[in-house]
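Fold and contact review
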Amino acid sequence: MQKSLNVFDGINTRLASFIQQSPSPFHTVEEITERLEENSFSFLGEQDPWKLEPGKGYFTTRNGSAVVAFKLPHEIGPDTPISFQIAATHTDSPSFKVKHVPTLKGIEGYLTLNVEGYGGMIDSTWLDRPLTLAGRVLVRTETGIESRLVHFDRDLLLIPNLAIHMNHQVNKGIQLNHQIDLRPLLSAGELGEESFSQLVAQEARTRPEDVLSSELSLVNRQKPTTWGAEREFFSAPKLDNLQGTFACLQAFLASENETAITVLACFDNEEVGSNTKQGAMSTLLKDTLRRCCIALDAGEEGFLRAQASSFLVSCDNAHALHPNHPEKADERNRPLLNKGIVVKESSNQKYTTDAFSRAVFEGICAKANVPFQTFANRSDSAGGSTLGNLSNIQTSMHAVDVGMPQLAMHSSFETTGALDTLLGIRALAAFYSAELRIRGSQSARF
């Protein structure tokens with residue numbers, strides 16, 4: 001194992017850097033767009049006219065927290081059949097968000113932050129560890145309002161547990177109250193209630209009176225690490241779903257396809273249902289694909305034909321078999337760490353995989369000699385959902401749900417296999433590079 005891991009260490013180092021540069025969805029999109037620009041992609045504002053050139057790459061953003069990028073084949077025009085090969089992921093992770101009136105004055109000078117949960121996190125994993133804040137601040141300027149990203153790159157906060165001497169039932173399981181037990185501690189008496197506004201203003205390079213509003217979330221300060229006697233594991237905050245986002249981005253940039261327009265879609269708000277203007281259920285992807293067809297003189301008819309000929313890979317991490325709780329997994333559809341990307345299915349369509357899309361994706365992987373696995377929930381246990389089926393409400397096409405296997409999903413510090421990111425990149429790159437030809441749901445060539 002050790003010898004083979006040397007090949008993967010470079011990818012894990014880059015994934016760790018990507019995660020550390022992405023403490024909020026706004027920072028994630030900034031990091032993605034910087035890498036796109038480094039690879040000669042051009043920005044297209046949604047409010048601007050779009051002019052496209054064959055062989056070029058472009059991207060657009062919405063809300064600063066979602067981005068869609070695409071690459072055109074060198075030979076494409078009004079007489080060329082258009083299709084899209086899309087990988088979609090999400091930029092957000094479960095966390096706690098600071099309320100607009102942010103501070104709670106406690107007894108004897110204690111100052112805590114007033115936060116509420118975002119998504120379905122494992123609450124206890126946020127206790128007793130260094131935390132900080134990141135997000136965006138809207139500030140008043142001489143010409144109007146400006147959005148600025150902030151990241152307090154230091155140990156700023158901590159949520160202290162209650163000592164076992166004061167809660168003798170703690171090891172028998174407790175329910176943490178978000179309003180009482182999960183208030184991050186900011187000061188023991190040195191700071192007043194106005195101090196937080198001053199801290200935010202300083203980080204945003206403005207005056208406190210010019211801070212109009214903000215979206216700030218708690219961030220786990222633990223650094224990503226590769227660990228184990230044989231370095232088989234990789235752990236980090238936000239693996240769900242920055243690991244998937246990183247893998248999709250790497251595969252997208254590394255692949256070439258002269259028969260289809262390849263697309264990378266990174267949505268926000270998956271952890272709270274995706275039904276926002278920047279979520280998977282929004283018109284963002286649909287608008288981008290339609291405008292692409294219009295700019296290529298294909299028109300509305302061309303867009304509808306392209307949509308019917310296209311394929312979406314929804315990439316969001318999957319549950320690996322837990323070493324201490326194998327009874328929680330299906331007997332046969334139970335993915336393992338370091339064994340390849342996971343194809344996810346659900347009979348209630350919480351995942352968008354069906355027989356046709358499974359056959360296409362697994363066929364592409366097999367042809368490229370890339371390993372893959374399968375996941376399904378136990379039949380007596382409800383599972384989670386993701387973005388593929390929600391995106392398909394707006395932009396209907398063949399789609400499959402996949403993800404890298406991981407442990408402790410929605411913990412503030414999650415674990416995957418040290419090999420899994422590169423195995424995921426290889427599978428996604430094989431998809432992006434495939435010369436895929438779809439005819440209804442009867443046949444596909446690749």
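Our subject is the structure that appears above.
On to helix α6 (residues 299–308), then. Taken together, the buried positions of α6 are occupied by G302, F303, A306 and Q307. Looking straight down α6, one finds its buried side chains confined to an arc of 135°; they lie on one side. Opposite the packed face of α6, turned more than 90 degrees from it, sit the exposed residues E301 and R305. Turning to α6, the residues buried within the fold contact β4 (84–90), α5 (284–295) and α8 (388–394).

Let us now look at the pattern of salt bridges. Counted according to the given criterion, the structure contains 16 salt bridges. The salt bridge partner of E46 is R62, with a shortest N-O separation of 2.7 Å. Linking E46 in the loop between β1 (41–43) and β2 (57–62) with R62 in strand β2, this pair joins segments that are 16 residues apart in sequence. Note that E300 and R290 form a salt bridge whose closest N and O atoms lie 3.1 Å from each other. Remark: R290 occurs in helix α5 and E300 occurs in helix α6; sequence separation between them is ten residues. Exposure remark for E300: the relative accessible area of 40% places this residue in the partly exposed category. Using a relative accessible area of 22% as the deciding quantity, one classes R290 as partly exposed. What emerges from the salt-bridge pattern is a single network uniting R140, R207, E209 and D210.

Of note, Q179 is situated in the loop between β8 (144–151) and β9 (185–187). Among the residues examined, Q179 registers a relative accessible area of 38% and is labelled partly exposed. Taking the C-alpha atoms as reference points, Q179 and E435, separated by 256 residues in sequence, lie 53 Å from one another. Beyond its immediate stretch of four places on either side in the chain, Q179 contacts K99 and N114. Among the polar contacts listed, one links the side chain of Q179 to the side chain of K99, at a separation of 3.5 Å.

Moving on: the sheet that holds strand β15 (residues 318–319). A sheet is described by the order of its strands in space; here five strands give the open sequence β11-β12-β20-β19-β15, paired in mixed fashion. Looking at strand neighbours, the two that pair on one side only are β11 (225–227) and β15, the edges of this open sheet. Looking at chain direction, strand β12 (residues 233–236) and strand β20 (residues 414–417) are connected through four bridges and run antiparallel. Bridge pairing in β20 places F234 opposite T416. Contacting β12, β19 (405–407) and β20, helix α4 (residues 239–254) runs over the sheet at an angle of about 35° to β20.

Here the focus is α5. Side chains three or four residues apart in an α-helix point the same way, a direct result of the helix having 3.6 residues per turn. Given a rise of 1.5 Å per residue, twelve residues ought to cover 16 Å, and the 16 Å separating the end C-alpha atoms of α5 matches this to within 8%. Looking at α5, one finds that the buried residues are L284, L285, T288, L289, C292 and C293. Looking straight down α5, one finds that the buried residues subtend no more than 165° of arc, so they occupy a single side. Next to the buried residues of α5 lie β2, β3 (66–71), β4, β13 (261–267), α6 and α8. Note on α5: the residue one or two positions beyond its end, D297, has a positive phi of about 65°.

Counting across every chain of the model gives eleven aromatic pairs. Between W227 and F233, the ring centres sit 4.4 Å apart and the planes meet at 20°, which makes this aromatic pair stacked. By relative accessible area, F233 is classed as partly exposed at 23%. Taken together, the ring pairs connect F41, F252, F311, F431 and Y432 into an aromatic cluster. Cation over ring: K71 sits above F252, and NZ or CZ is 5.1 Å from the ring centre. Above the plane of the ring of W50 lies R291, whose end atom (NZ or CZ) is 4.2 Å from the centre.

Quick notes on the rules
Residues numbered from 1 in each chain as written. Predicted model: local features only at pLDDT ≥ 70, side-chain atom pairs only at ≥ 80, totals over all residues. Heavy atoms only, no water. Buried < 20%, exposed > 50% of the residue type's maximum accessible area, 1.4 Å probe, protein only. Helix = DSSP H or I, 4+ residues; strand = E, 2+ residues; numbered from the N terminus. Arc of directions from axis to C-beta. Contact = heavy atoms within 4.5 Å. Salt bridge = Lys/Arg side-chain N within 4 Å of Asp/Glu carboxyl O. Polar contact = N/O pair within 3.5 Å; in protein donor to acceptor, adjacent residues only side chain to side chain. Pairing = 2+ DSSP bridges. Axes fitted to C-alpha atoms, helices over the stretch in contact; angles between N-to-C directions. Expected span 1.5 Å × (residues − 1). Phe/Tyr/Trp six-rings, centres within 6.5 Å; stacked < 30°, edge-to-face > 60°. Lys NZ or Arg CZ within 6 Å of the ring centre and 35° of its normal.

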